[in-house]
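Residue strings, one per chain:
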Amino acid sequence: MDETAEMTGAHEAPGSNGVDRAIVNGLTDLVKRAGAISQSIADRFDIAPSDLLALFKLDEVMTMKELAKHMSCDASFVTTIADTLEEHGLARREASLKDRRVKNLVLTSEGIAAKERMMQELALRMPWCYALDEKERHIFLALIQKMLAAGTEPAQQPDGGEPVTIAAAAAS
């Protein structure tokens, strides 16, 4: 066994070494912290965290079905979100030009401005924005993208895929 594999436990079964457990604990704590920050931002704008997520996912005209897919939720739940965003003047529903049975959700000018304010607050408060330098954020992003691209089954990438390098991360 080489020294790196010995130090990291690379030849052990997944989940059986301290590094994997530390990653799970750290990631869980990071997700909880990000959730708490998102909740406090949503509270300041008098919306739910799911409404905040919808604002972040809405970049342009999007069908409510597409938004549900981007949010990984049921389309019927997007109806509730659309109601809240409309009540707050942040979005409006429009019939699709292609199919009038389909409803699009479109950010209003107020919604665009609120989204920008929320994004700025997130950038000030999320730990990767202030704890990591620019190069580290690119590496962090590349690692997240690599994990998400791997799918849900470990068998899809038995060797762990290509290592993330600084050069590859900078290109992302």
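Overview of the structure. Predicted model only: the values in this text are computed from it and were never measured. (Residues numbered from 1 in each chain as written. Predicted model: local features only at pLDDT ≥ 70, side-chain atom pairs only at ≥ 80, totals over all residues. Heavy atoms only, no water.)

1. Considerations on the side chain of Ser-38
For Ser-38, the location among the structural elements is in helix 2 (residues 18-44). When its relative accessible area of 19% is taken as the criterion, Ser-38 is described as buried. When residues no more than four places from it in sequence are discounted, the contact partners of Ser-38 are Leu-52, Leu-122 and Met-126. (Helix = DSSP H or I, 4+ residues; strand = E, 2+ residues; numbered from the N terminus. Buried < 20%, exposed > 50% of the residue type's maximum accessible area, 1.4 Å probe, protein only. Contact = heavy atoms within 4.5 Å.)

2. Points about the sheet that holds strand 3 (residues 103-107)
Read across the open sheet, the 3 strands follow the order 1-3-2; overall the sheet is antiparallel. Strand pairing shows two members of the sheet lacking a second neighbour, strand 1 (62-63) and strand 2 (91-95), which therefore form its edges. Judged from the 5 bridges that link them, strand 2 and strand 3 form a sheet pairing that is antiparallel. Paired with Arg-92 across the strands is Val-106, a residue of strand 3. Here helix 5 (residues 75-87) sits on the sheet in contact with strand 2 and strand 3, set at roughly 120 degrees to strand 2. (Pairing = 2+ DSSP bridges. Axes fitted to C-alpha atoms, helices over the stretch in contact; angles between N-to-C directions.)

3. Observations regarding a nonpolar patch on the surface
A grouping of Val-19, Ile-23, Leu-27 and Val-31 is seen on the molecular surface, where their side chains present a nonpolar patch of about 360 Å² in accessible area. With respect to the helices, strands and loops of the structure, Val-31 is situated in helix 2. (Patch = residues over 30% accessible without salt bridge, like charges linked within 9 Å, V, L, I, M, F, W, Y side chains within 5 Å. Areas by Shrake-Rupley, 256 points an atom, 1.4 Å probe, with all protein chains shown as cover. Salt bridge = Lys/Arg side-chain N within 4 Å of Asp/Glu carboxyl O.)

4. With respect to the nonpolar core
Note on soluble globular proteins: their nonpolar side chains tend to be buried together. In terms of nonpolar packing, the biggest core is built from 27 residues, with Leu-67, Leu-85, Leu-105 and Met-118 touching the most fellow members. Not counting residues up to four positions away in its chain, the partners in contact with Leu-85 are Asp-51, Ala-54, Leu-55, Leu-58, Leu-90, Ala-91 and Leu-105. (Core = buried A, V, L, I, M, F, W, Y, C linked by side-chain atoms within 4.5 Å.)

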